[in-house]
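What follows is each chain in one-letter form.
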Amino acid sequence: MTPTAKAETTVTRRSFLKSAAPAATFTIVKPQMVRGVGKEKLKAGIIGCGGRGTAAVHDLLSGNPNVELVAMADLFEDHLEQSLRRLRDPNGRFKGIQDRIKVDPDHRFVGFDAYKKLLATDIDIVLLTTPPGYRPIHFEAAVEARKHIFAEKPFATDPVGCRRVMAAAKKARELKLTVMSGAQKRSHKATLEAIDRIRNGEIGDIVAIYVKYLSGPVFHVKERDPKWSEMEWQHRNWYSFVWICGDQIVEQHFHNIDIINVLMGTHPVSVVAQGGAAWRPREPLYGNIYDHMSSEFVYPNGVRMVSHCRQYPEGCYREVGELIVGTKGSMALPPLRQPGEMNPQVQEHIDMVNSILGIGPYINHGEEVAESTMTCIMARESAYSGMRLTWEQIMASQLDLLPKRFDWDYVPEPRPLPVPGQYKFI
């Protein structure tokens, strides 16, 4: 991370903790123009219309009455149409935004090239909420199209993809395009206040960190339809395949690891990890990801972070959290969504729009969140291979998991469940 990037990010993180007077307001907005020069209404489009994407539209619109949804794109028409029905339903989960869902038939795009068609429209903001394997492709294209970006975490599933996002994020910074991530803990006031207290010495010097994400398995289908090609099967059942999901430590446990990188102000320099599939049967539905993983990261100052994640069946213990141990005591970071507080998934969209309009600090999470994504990938590759890995090794890795071609007839390269000692780190 460059000193400039760190300085700008610090302002962003701490801006929620202070009640400084707002910056001067502006009048007109265009993404390709200077930040703070805008128009009364902002137009948004979404790429990836699943459950998370649909909820992200609601978060954006419920937090910002000056934003309209005008375009949608998805690989599957049924996903897009279902999402649109849910957003338009005044009696459903997403109440209060129906008058700003303005997606006409000419702005509903389906297929592998749907993202290109959506980015060619006159939207100001694009929400990137597909499975994470596609994030680097869509992120690069959004920057080239000069759109402000909300991108769900993680930002890639392999090192090559992470580096693509890092490079595009730098270009977005040069263009003053806002990049907000779905790393919601970065927008959680109570978490940021706790981090500030730790940095100000409340628990003394940090000596150890423990993070965990103990949850249940994720499936988007229950079985394979015989009509589906291998490519469609892997997209419909995306959480079970490493190329498109990243495995749990990348797709889900990211939240805990990312906020510790925020606390530490940097990424770890090495990791040793181990894991496997304790309960997931060796059957097609379960793909090629692990169901548990433990990692020990080392930060540049020698502090170690012990990480544990798993997705075990119903009835098993559940817990998500972070514990920071210091020389004077310890502190657990607060859980999200306590009664009476702002939902951080709404707050992040408010902060994004304020950044676009120039009435709040400029936000570009691109490089930092790509670093946190790379941190998680480093641990996954350590567990798969059985090797101790360093930051230099993962940054130089040529591992590229994306399919060689994007069409329904393509058969992705078979990847068995990784076995340490046999799996080769690239």
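Please refer to the structure higher up on the page.
First, a word on scope: everything that follows refers to the structure included in this document. Here the structure is a predicted model, which means the values were calculated and not measured. (Residues numbered from 1 in each chain as written. Predicted model: local features only at pLDDT ≥ 70, side-chain atom pairs only at ≥ 80, totals over all residues. Heavy atoms only, no water.)

Remarks on the pattern of salt bridges
For the structure on display, the rule yields 23 salt bridges. The salt bridge involving Asp-113 is made with Lys-117; its shortest N-O contact spans 4.0 Å. Residue class for Asp-113 comes out partly exposed when judged on its relative accessible area of 35%. Taking the relative accessible area as the measure of exposure, Lys-117 reaches 41% and is therefore partly exposed. Measuring nitrogen to oxygen at the nearest pair gives 2.6 Å for the salt bridge that ties Arg-164 to Glu-140. Taken as a pair, Arg-164 in helix α6 (residues 159–174) and Glu-140 in helix α5 (residues 135–144) lie far apart in primary sequence, 24 residues in all. Where salt bridges share partners, they join Arg-52, Asp-59 and Glu-152 into one cluster. (Salt bridge = Lys/Arg side-chain N within 4 Å of Asp/Glu carboxyl O. Buried < 20%, exposed > 50% of the residue type's maximum accessible area, 1.4 Å probe, protein only. Helix = DSSP H or I, 4+ residues; strand = E, 2+ residues; numbered from the N terminus.)

Describing the nonpolar core
Core analysis: the biggest nonpolar cluster contains 87 residues, and Leu-118, Val-126, Phe-139, Ile-149 and Ile-260 have the highest contact counts within it. Of the residues forming this core, the biggest block, 9 residues, is contributed by helix α13 (residues 366–385). Residues within four places of Ile-260 in sequence aside, it is in contact with Ile-209, Val-211, Tyr-299, Met-305, Glu-322, Ile-324 and Leu-333. If you look at the next biggest cluster of nonpolar residues, it comprises 28 residues, including Val-67, Ile-97, Met-352 and Leu-357. (Core = buried A, V, L, I, M, F, W, Y, C linked by side-chain atoms within 4.5 Å. Contact = heavy atoms within 4.5 Å.)

Details of the sheet that holds strand β13 (residues 389–390)
Here we have 7 strands laid out as an open sheet, ordered β12-β11-β7-β10-β9-β8-β13, and mixed in their pairing. Two strands close off the open sheet at either side, each with one partner strand: β12 (330–332) and β13. Examined bridge by bridge, strand β8 (residues 270–276) and β13 share 2 bridges and lie antiparallel to one another. Counterpart to Val-271 in the pairing with β13 is Leu-389. Of the strands in this sheet, β7 (206–215), β9 (292–298), β10 (304–311) and β11 (319–326) touch helix α11 (residues 254–264), which is tilted by about 160° from β7. (Pairing = 2+ DSSP bridges. Axes fitted to C-alpha atoms, helices over the stretch in contact; angles between N-to-C directions.)

Regarding the packing of α6 against α13
The contact between α6 and α13 brings their axes to 8 Å, and the two run at 170°. Judged on the interaxial angle alone, α13 and α6 are roughly antiparallel. Every residue of α13 that contacts α6 at Pro-159, Cys-162, Arg-163, Val-165, Met-166, Ala-169, Lys-170 and Arg-173 is listed here: Gly-366, Glu-367, Ala-370, Glu-371, Thr-373, Met-374 and Ile-377. The residue inventory of the contact of α6 with α13, partitioned by class, reads 8 nonpolar, 2 polar and 5 charged. (Parallel < 35°, antiparallel > 145°, perpendicular 65-115°, else oblique. Nonpolar A, V, L, I, M, F, W, Y, C, P; charged D, E, K, R; others polar.)

Some words on the packing of aromatic side chains
On inspection of all chains with the given rule, the structure shows 13 aromatic pairs. Relative to Phe-406, the ring of Phe-112 has its centre 6.2 Å away and its plane inclined at 50°; by these criteria the two rings are tilted. A residue pair is termed long-range when its members are at least 10 positions apart, and Phe-112 in the loop between β3 (108–110) and α4 (114–119) and Phe-406 in the segment after α14 (391–396) qualify at 294 residues. Taking 6.5 Å as the distance between ring centres and 80° as the angle between the ring planes, the aromatic pair formed by Trp-233 and Phe-241 counts as edge-to-face. On the accessibility criterion, Trp-233 (3% relative accessible area) is buried. Given the relative accessible area of 8%, Phe-241 is considered buried. Members of the aromatic cluster, joined through ring pairs, are Phe-76, Phe-112, Tyr-134, Trp-243, Phe-406 and Trp-408. Positioned above the aromatic ring of Tyr-362 is the side chain of Lys-176, whose terminal nitrogen or guanidinium carbon lies 4.3 Å from the ring centre. (Phe/Tyr/Trp six-rings, centres within 6.5 Å; stacked < 30°, edge-to-face > 60°. Lys NZ or Arg CZ within 6 Å of the ring centre and 35° of its normal.)

Quick notes on the sheet that holds strand β6 (residues 179–181)
Here we have 6 strands laid out as an open sheet, ordered β3-β2-β1-β4-β5-β6, and parallel in their pairing. This sheet does not close on itself; its edge strands, each paired only once, are β3 and β6. Direction aside, neighbouring strands of the sheet carry axes that sit 20° apart on average. In the sheet, strand β1 (residues 42–47) pairs with strand β2 (residues 67–74) via 6 bridges, with the strands oriented parallel. When the sheet's bridge partners are listed, Ile-47 is paired in β2 with Ala-73. Contacting β1, β2, β4 (125–128), β5 (148–151) and β6, helix α12 (residues 344–357) crosses the sheet at an angle of about 165° to β5.

Concerning the environment of Gly-133
Within the secondary structure, Gly-133 sits in the loop between β4 and α5. When its relative accessible area of 3% is taken as the criterion, Gly-133 is described as buried. Sequence separation between Gly-133 and Asn-301 is 168 residues; the distance between their C-alpha atoms is 32 Å. Look past the residues within four positions of Gly-133 in its chain and what remains in contact with it is Thr-157, Trp-243, Ile-244 and Leu-402.

Observations concerning helix α2 (residues 51–63)
The end-to-end C-alpha separation of α2 is 18 Å, in line with the 18 Å expected for 13 residues at 1.5 Å each. On its buried side, α2 packs onto β1, β2, α3 (77–88), β4, β5 and α12. (Expected span 1.5 Å × (residues − 1).)

Looking at α3
What sets the pattern is the α-helix's 3.6 residues per turn: residues three or four places apart point alike. Counted at 1.5 Å a residue, the expected span for α3 with its 12 residues is 16 Å, and the 16 Å between its end C-alpha atoms agrees. Looking only at α3, the buried set comprises Leu-80, Ser-83, Leu-84 and Leu-87. Each buried residue of α3 sits inside an arc of 100° when the element is viewed along its axis, so together they form one side. (Arc of directions from axis to C-beta.)

A word on a nonpolar patch on the surface
Together, Tyr-210, Val-306 and Leu-323 make up a nonpolar patch on the protein surface, roughly 230 Å² of accessible area in all. The residue Tyr-210 is located in strand β7 in this model. Tyr-210 gets classed as partly exposed once you look at its relative accessible area, which sits at 40%. (Patch = residues over 30% accessible without salt bridge, like charges linked within 9 Å, V, L, I, M, F, W, Y side chains within 5 Å. Areas by Shrake-Rupley, 256 points an atom, 1.4 Å probe, with all protein chains shown as cover.)

Side note on the environment of Gly-358
Position of Gly-358 relative to the elements: it lies in the loop between α12 and α13. In this structure, the C-alpha to C-alpha distance between Gly-358 and Arg-108, residues 250 residues apart in sequence, is 30 Å.

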